[in-house]
Amino acid sequence: MIADAHNDLLAELVHRRAEERPFERYWLPNLVAGGVGLQVCPLYADVEQGSERALAEGLAQTTAFRRAVAECPGRVAQVYTCADLDRLAVQWQHRLLHH
């Protein structure tokens, strides 16, 4: 499984928040085409702009992440633990073998 952990995905989704299904339209096709099975979504907040602004940026990115997961059920899942990742890897491998 290819994992990608260096990106600005959430910042872009916040920027495109007024658009319809931005993750599915702009990011998901490229991730699938590249064989990425795990996308790490770091939060970035510029604390030098003040703690309130940093908190607002973090919350906006978290909201964008949750929206992407909700809009792509069956294709995108939030992983909390290693066991979640193992379970999803088995499910997705099973789907690949039966398509």
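Everything numeric in this text was worked out from a predicted model, so none of it was measured. (Residues numbered from 1 in each chain as written. Predicted model: local features only at pLDDT ≥ 70, side-chain atom pairs only at ≥ 80, totals over all residues. Heavy atoms only, no water.)

(A) Representation of the overall build of the protein chain in the model. In terms of helices and strands, the protein chain carries four helices and two strands. Secondary structure elements of the protein chain, listed N to C terminal, follow the sequence β-α-α-β-α-α. Taking the principal axes of its C-alpha atoms as reference, the protein chain extends roughly 50 × 30 × 20 Å. Considering the protein chain as a whole, with its 99 residues, one finds that 23% of them fall into the buried category. Across the protein chain, contacts joining residues at least 24 apart in sequence account for 57% of those joining residues at least 6 apart. Total accessible area computed for the protein chain in this model is approximately 7,100 Å², and 58% of it derives from carbon and sulfur atoms. (Helix = DSSP H or I, 4+ residues; strand = E, 2+ residues; numbered from the N terminus. Buried < 20%, exposed > 50% of the residue type's maximum accessible area, 1.4 Å probe, protein only. Contact = heavy atoms within 4.5 Å. Areas by Shrake-Rupley, 256 points an atom, 1.4 Å probe, with all protein chains shown as cover.)

(B) The arrangement of the environment of arginine 53 in detail. With respect to the helices and strands, arginine 53 occurs in helix α3 (residues 51–71). Here arginine 53 falls in the partly exposed class, since its relative accessible area comes to 49%. Arginine 53 sits 30 residues away from phenylalanine 23 along the chain, and the two C-alpha atoms are 24 Å apart.

This is a description of form; function is not addressed.
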